[in-house]
Amino acid sequence: MSPARLFVRVVYKAFRVEPGRMAASFAALAVGATLASAFLNLYFDLPRKMTAEFRTLGANLILAPKGTNETFPEEAYRQLADSQPAVPRLPWLYAVGKTQGKEVILAGTELERLAALHPGWRVTADAAPKDSSESIGVLVARMQPRLSGQGNRWLLAGEKAAAHFGWKAGETVAVEYGGATQDLPLLGVVSTGESEDSQLLLPLPVLQEMTHRAGQLSLIALAVPGSAEQVETVRQQLAAQWPQVEARPLRPVLESEARVILKVRGLMFGLTAIVLGIVVLSVMTTVSGLVLDRRRDIGVMKSLGGSDRAISLLFVAETLSLAAFAALLGYGIGFGLAQWAAQRIFASALPWRWDTLPAVVGVTLAVAFLATALPVYRVRRLDPAVVLRGN
Amino acid sequence: MFWRLVRESLWRPRNRRRAAWAALAVALGTAVAAAMLNVSLDVGDKVGRELRSLGANIVLTPAADSLPVEIGGIDYRPVSEGAYISEASLGKLKEIYWRNNIIAFAPFLYVPVRMASGLIPGLPEREQKTTLVGTWFNHTVVTSTGDRHQTGIRPLNPTWKLEGEWIDDSSAETASGSCLIGRALAEAMGLRVGDFVVVMLHAEGVEESSGVALQVRGIVTTGGAEDQQMFASLAVAQSLAGVADQVRRVQVSALIKPEDEFSRRDPKTMTPAEYDRWYCSPYISSILHQITAVLPGTAARAIRPVAETQGNVLGKMTFLMGMLAVLALAAAALSISSLASLAVAERRQEIALMKAIGAQDWLVSGLFLAEAAAQGVVGGALGFAAGQALARLLGRVVFGSDVAVNWMLLPIMLLVALAVSFAGTWLPLRRASHYEPAAVLRGE
């Protein structure tokens with residue numbers, strides 16, 4: 001009988017005679033591989049997913065004029081669009097204006113970019129029924145045709161300001177600065193939970209014209225995606241590009257983000273290590289049990305003249321082939337679990353990673369190898385006569 | 001007879017090892033499940049404390065106020081305009097139901113000032129309009145019950161970077177005559193730590209007010225509007241503005257529970273039982289409600305971007321950890337019960353022998369289940385202890401603080417360990433009861 005045929009027969013018989021045993025080993029290996037795969041896949045992608053959560057905070061990098069200047073040229077903003085097209089950006093110009101004889105902050109900005117930096121802002125617009133608010137992105141998309149018809153003239157009132165003046169969306173509001181007055185249609189009342197609640201937001205060009213500061217900005221807010229290091233890289237690029245502008249990272253945002261990511265990473269690492277450790281132990285005990293229980297088989301093989309090498313090889317090959325199937329199956333199930341979790345928690349897909357597959361398969365095979373090789377090594381040193389006589 | 005059999009199968013040298021292995025398997029599974037559950041129960045609190053570094057998530061302003069003239073959280077109104085909150089009443093923040101969740105708070109008084117540097121003879125005097133922010137740095141608040149709490153902008157904003165030293169405002173003497181300067185302002189004025197500046201109230205109608213000399217103790221970097229401001233103790237700002245005991249706003253940092261369907265409901269529509277549940281959960285809405293109740297005349301609002309991010313991150317972390325714990329629990333259960341059923345299958349001959357000499361099925365089952373119970377309890381208890389140790393280790397390494405021991409988990413883990421061992425033993429026993437003793441004993 002050729003070694004290959006012998007091998008197939010031994011494995012086949014093992015399954016036929018003791019299906020429970022083999023199934024238990026297979027299940028232990030597969031469960032181990034599933035856990036390893038789910039944890040590893042999540043571990044590698046979690047920091048990126050968590051970073052995205054911090055984008056609800058808004059900007060993490062501010063461009064402001066240097067020194068005692070109050071504004072800087074808009075030029076920088078236009079160049080920014082070319083040099084960092086992927087970074088959400090928002091220009092601001094502030095002025096203390098008046099409406100109905102009272103002082104109020106006028107904030108000039110770009111309506112269509114607000115949503116990218118402030119996804120959490122809620123707007124109550126004219127067409128909407130009472131007490132229903134929508135996110136700013138939805139409003140802009142809905143209002144776009146009307147806005148372009150009106151020559152892009154709009155006004156958003158912060159909810160404190162709207163309550164103070166008793167305004168409702170749809171009215172026309174007169175705002176003044178110096179001697180200039182502008183009548184703007186009130187598009188909606190915006191609720192932000194920040195300073196903007198007491199401001200009036202209006203188109204940047206309108207405010208620039210009113211305040212005779214054409215082509216000037218007070219600040220640019222940037223939401224640089226990625227980690228603190230990436231923000232620092234962008235900051236250095238910007239600082240080198242425009243010496244007259246100061247680029248300031250918002251420390252509370254960046255530092256909290258970095259802290260939480262670090263902790264999440266540490267926690268996941270610790271948990272993955274614990275789970276892997278215990279999975280290894282339990283797989284080892286199950287698989288070693290399988291070998292130890294077949295001491296008699298080993299005894300018979302030895303007494304029939306099987307060499308130590310051939311016997312070890314037979315058993316190791318048997319568990320390794322079992323482990324290979326279990327690892328592939330487990331990796332698939334584990335990836336599915338991780339994918340489900342990512343969809344459920346972060347509502348975004350987990351990319352398929354090729355680098356975790358060899359890790360999972362490698363660990364499973366190594367564990368299976370150790371779990372078989374050690375007991376086989378121990379058993380084959382025994383005298384077959386002792387083993388076969390029974391215990 | 002029954003107990004002797006049980007004892008022997010657990011304790012006779014021949015069997016001891018097998019029983020110990022089985023208990024160890026249960027212990028390993030329980031340990032990982034207990035560690036995961038423990039961490040997942042505590043992760044909300046731990047991550048909540050980390051997220052504190054985002055700064056305040058609640059702001060209090062006077063309820064009947066004129067419209068704030070505000071950019072980036074800084075109020076530019078002259079001191080004569082608008083309403084104020086009384087500084088003396090702020091201790092009440094530490095008397096609400098969720099007082100322990102109020103981690104830090106600080107009052108703010110914004111005074112428009114003209115600041116001049118140039119106390120050094122020979123250097124040209126430079127002047128700049130700015131806002132002097134009066135606040136607590138590390139102030140001791142005494143509640144009406146006599147409890148003392150340290151609070152102020154230092155605990156409120158742990159991410160602020162300071163060059164120099166913080167102002168000690170525990171007593172009026174150490175705090176007067178000192179200030180902190182924002183980075184951008186310091187650069188514009190060419191100021192360094194240790195320099196002196198003179199600040200004068202800047203208000204319409206006030207021509208020439210007497211200045212206050214302050215020494216720059218530190219330079220603050222935050223990246224926000226604070227970089228353009230200067231900070232002094234609240235007493236300094238109040239005497240400069242002439243508004244004793246008054247503050248413009250209060251920022252509060254509170255540990256919150258993520259929002260869910262329940263918390264978004266209007267408390268007015270809740271039944272009394274639901275209202276109690278809402279009131280006794282640290283949702284941001286119930287904390288806001290409780291603050292307004294103890295400080296009438298103030299409006300408490302959530303700083304939404306901060307509160308929302310905290311809620312999001314917390315909710316996601318808790319769900320993730322919970323899911324991983326359930327996963328680990330399921331895997332542990334599977335491996336324990338497969339080991340237990342192996343142990344039964346291995347002892348088919350024993351079962352057959354017992355049946356052959358007249359044992360009833362229930363007696364055989366009882367014997368094995370009693371063994372499984374012993375292994376489940378011993379393994380479960382060991383696993384619980386090991387799980388706690390693992391969770392503590394993890395808590396200390398990752399968060400630098402211990403994970404709280406949750407004794408509620410002990411009975412749960414024991415029950416789970418027992419149930420899993422029983423389930424693993426029960427199925428093969430059912431099969432074993434159909435064995436024909438003769439066939440089993442003859443074969444091998």
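Residues numbered from 1 in each chain as written. Chains lettered and ligands numbered in written order. Predicted model: local features only at pLDDT ≥ 70, side-chain atom pairs only at ≥ 80, totals over all residues. Heavy atoms only, no water.

A few words now on the domain arrangement of chain A. Under the domain assignment used here, chain A contains domain 1 (3-53 + 258-389) and domain 2 (60-249). Placing the centre of domain 1 of chain A and that of domain 2 of chain A at their C-alpha centroids yields a distance of 57 Å. (Domains from an automatic or database assignment.)

Facing 70 residues of chain A, the contacting portion of chain B comprises 66 residues. Roughly 6,100 Å² is buried in total at the junction of chain A and chain B, and carbon and sulfur atoms are behind 69% of that figure. The tally of links from chain A across to chain B stands at 6 salt bridges. Between A:Lys263 and B:Glu50 there is a salt bridge, and its shortest N-O distance comes to 3.7 Å. Where the side of chain A that touches chain B is concerned, the elements lending two or more residues are helix H2 (19-53), strand S3 (89-99), strand S4 (102-109), helix H6 (159-165), strand S13 (245-249), helix H9 (251-292) and helix H11 (308-346) of chain A. The greatest single-element share of the side of chain A that touches chain B, amounting to 21 residues, is contributed by H9(A). Of the residues in the side of chain A that touches chain B, the class split is 36 nonpolar, 17 polar and 17 charged. (Contact = heavy atoms within 4.5 Å. Buried area = accessible area lost by both parts, 1.4 Å probe. Salt bridge = Lys/Arg side-chain N within 4 Å of Asp/Glu carboxyl O. Helix = DSSP H or I, 4+ residues; strand = E, 2+ residues; numbered from the N terminus. Nonpolar A, V, L, I, M, F, W, Y, C, P; charged D, E, K, R; others polar.)

Residues and elements named next belong to chain A. Between its first and last C-alpha atoms H2 spans 48 Å; for 35 residues at 1.5 Å apiece the expected length is 51 Å, and the two agree. Where H2 bends most, the angle comes to about 45°, and this point is Leu46, followed within four residues by the proline Pro47. Where burial is concerned, most of H2 is hidden: 27 out of the 35 residues are buried. (Expected span 1.5 Å × (residues − 1). Bend = angle between axes of the 7 residues up to and from the residue. Buried < 20%, exposed > 50% of the residue type's maximum accessible area, 1.4 Å probe, protein only.)

All names here are of chain A. Within strand S10 (residues 199-203), 5 of the 5 residues are buried, which leaves the element mostly enclosed by the surrounding structure. Both S4 and S10 contribute to a ladder of 5 bridges, which runs parallel. Across the sheet, the residue bridging to Gly108 is Leu202, located in S10. (Pairing = 2+ DSSP bridges.)

Where the parts come together, the accessible area they lose is often given as the size of the interface. Per the domain assignment, the segments of chain B are domain 1 (2-47 + 313-442) and domain 2 (65-95 + 104-251). Computed over C-alpha atoms only, the centres of domain 1 of chain B and domain 2 of chain B are separated by 62 Å.

A word on the nonpolar core. Nonpolar side chains in soluble globular proteins tend to be buried together. Counting 129 residues, the largest nonpolar core has A:Trp92, A:Leu156, A:Leu267 and A:Met268 as its most contacted members. Counting residues per element, this core draws most heavily on H2(A), at 14 residues. By size, the runner-up hydrophobic cluster in this structure holds 51 residues, among which are B:Ile102, B:Leu109, B:Val199 and B:Ile256. (Core = buried A, V, L, I, M, F, W, Y, C linked by side-chain atoms within 4.5 Å.)

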